[in-house]
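Fold and contact review
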Amino acid sequence: MKVGFIGVGLIGGSMLKRLSKCGVECFILDKDECVISAATAENNAKLLTDFAQMDILLLALSPTSSIKFIQENHTKIGTTLLADVCGIKNAIKECAEKYNLNYCGLHPMAGREVGGYFNSKENLFNGANIVVTTPNPPQIIYEIIHLLGFGNVVYTDALKHDKIISYTSQLCHILSNAYAKNPCVSECDGFTGGSFEDLTRVGKMDSNLWVDLFYNNRDNLITDIETVIIELQKYADCLKKQDNVTLKKLIDEGSEILISKSSK
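A few points on the structure.

Further remarks concern the layout of surface pockets. Think of a ball as big as a water molecule: rolled over the atoms, this probe shows where empty space is left. Space inside the second largest pocket adds up to approximately 1000 Å³. Around the second largest pocket, the lining comprises 22 residues; the ones closest to its centre are Tyr167, Leu171, Leu175, Val228 and Leu258. Looking at the lining of the second largest pocket, the elements that each hand over two or more residues are helix H6 (158–179), helix H7 (194–200), helix H9 (218–241) and helix H10 (244–262). The biggest single contributor to the lining of the second largest pocket is H10, with 8 residues. The residue makeup of the lining of the second largest pocket, split by class, is 12 nonpolar, 5 polar and 5 charged.

Below, the structure is given as structure tokens:
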């Protein structure tokens, strides 16, 4: 099996490290010469020059860079299977379809608070979910998923993926980032526990990457942000009115939803 990696940051680099350990013949392309040097040496990989010779190309770039790459290289990709691992799917899918590419959308539900090849880990995907947004993917996709150590495969379409991922990932990052802007954050040493750590864990982001992700899923994300604002305002109104009866009802409603979800 010959796998070509276009971008070897955190996700692409972690996949490269794992697949190379499994004996897969790996080829890489990245804009950073230091990354290329380290990645080829550490993983017995070669420089990717001929897309047509690959069994699969794994596109591990930001949304805008992924679209630009497809636009500029679709004739070189030809009939080679192209799979992207980007955090949004519909914009990539539409671009691939425009050029009639053999495309499969993948989203590994794993990551770290730090990015880049030098923070990548070969065991990053152990037991994690992976979302597949293309119906009837070819067998090589399942082979790679197995080699990477994913624990569960979830199937959906690109539009539904983007709607759900706005709520389960992108909104969480925005809330965490905004939560850290309270002036008390500079005075809270010694007063924090698990709840603070949970709320702030994903607030540190690569702004260039996340602006790109947010922008390309902005309609879904605006709806989710506005929904949270409406719900938060209800709690604030209860406190202003000293309405503990309604406040208790709000708390119970949220708790019951989470209890019901965890029991499934």
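This paragraph deals with unusual backbone geometry. The phi torsion at Asn100 lies on the positive side, around 55°, for a residue other than glycine. With respect to the helices, strands and loops of the structure, Asn100 is situated in the loop between helix H4 (90–98) and strand E6 (103–108). With phi around 50°, Asn136 is a residue other than glycine that occupies positive phi space. With respect to the element layout, Asn136 can be found in the loop between strand E7 (129–132) and helix H5 (139–148). Using a relative accessible area of 75% as the deciding quantity, one classes Asn136 as exposed.

Moving on, we come to helix H3 (residues 63–77). Owing to its 3.6 residues per turn, the α-helix aligns residues three or four sequence positions apart on the same side. Taking 1.5 Å per residue, 15 residues should reach 21 Å; H3 reaches only 18 Å between its end C-alpha atoms and comes up short. Along H3, the positions that sit buried rather than exposed are Pro63, Ser66, Ile67, Phe69, Ile70, Asn73 and Ile77. Those residues of H3 hidden inside the fold are in contact with strand E1 (2–6), strand E2 (25–29), strand E4 (56–59), strand E5 (81–84), H4 and helix H8 (207–215). Once H3 finishes, Gly78 follows within two positions and takes phi at roughly 55°, a positive value.

For the rest of this paragraph, the subject is the sheet that holds strand E3 (residues 46–47). The sheet built from 8 strands is open, its strands ordered E3-E2-E1-E4-E5-E6-E7-E8 with mixed pairing. Edge positions in the sheet fall to E3 and strand E8 (152–155), since each of these pairs with one other strand and no more. Direction of pairing for E2 relative to E3: parallel, over a ladder of 2 bridges. Within E3, the residue paired with Ile28 across the bridge is Leu47. Relative to E1, helix H1 (residues 10–21) is tilted by about 160°, and along the sheet it contacts E1, E2, E4 and E6. The strands touched by H3 within the sheet are E1, E2, E4 and E5, with E4 carrying the most contacts at an inclination of about 165°.

Conventions adopted
- Residues numbered from 1 in each chain as written.
- Predicted model: local features only at pLDDT ≥ 70, side-chain atom pairs only at ≥ 80, totals over all residues.
- Heavy atoms only, no water.
- 1 Å grid on protein atoms, 1.4 Å probe; cavity = no way out; pocket = protein on both sides within 12 Å on 5 of 7 lines; lining within 4 Å.
- Points joined across faces, edges and corners; volume = space filled by probe spheres on them.
- Helix = DSSP H or I, 4+ residues; strand = E, 2+ residues; numbered from the N terminus.
- Nonpolar A, V, L, I, M, F, W, Y, C, P; charged D, E, K, R; others polar.
- Buried < 20%, exposed > 50% of the residue type's maximum accessible area, 1.4 Å probe, protein only.
- Expected span 1.5 Å × (residues − 1).
- Contact = heavy atoms within 4.5 Å.
- Pairing = 2+ DSSP bridges.
- Axes fitted to C-alpha atoms, helices over the stretch in contact; angles between N-to-C directions.

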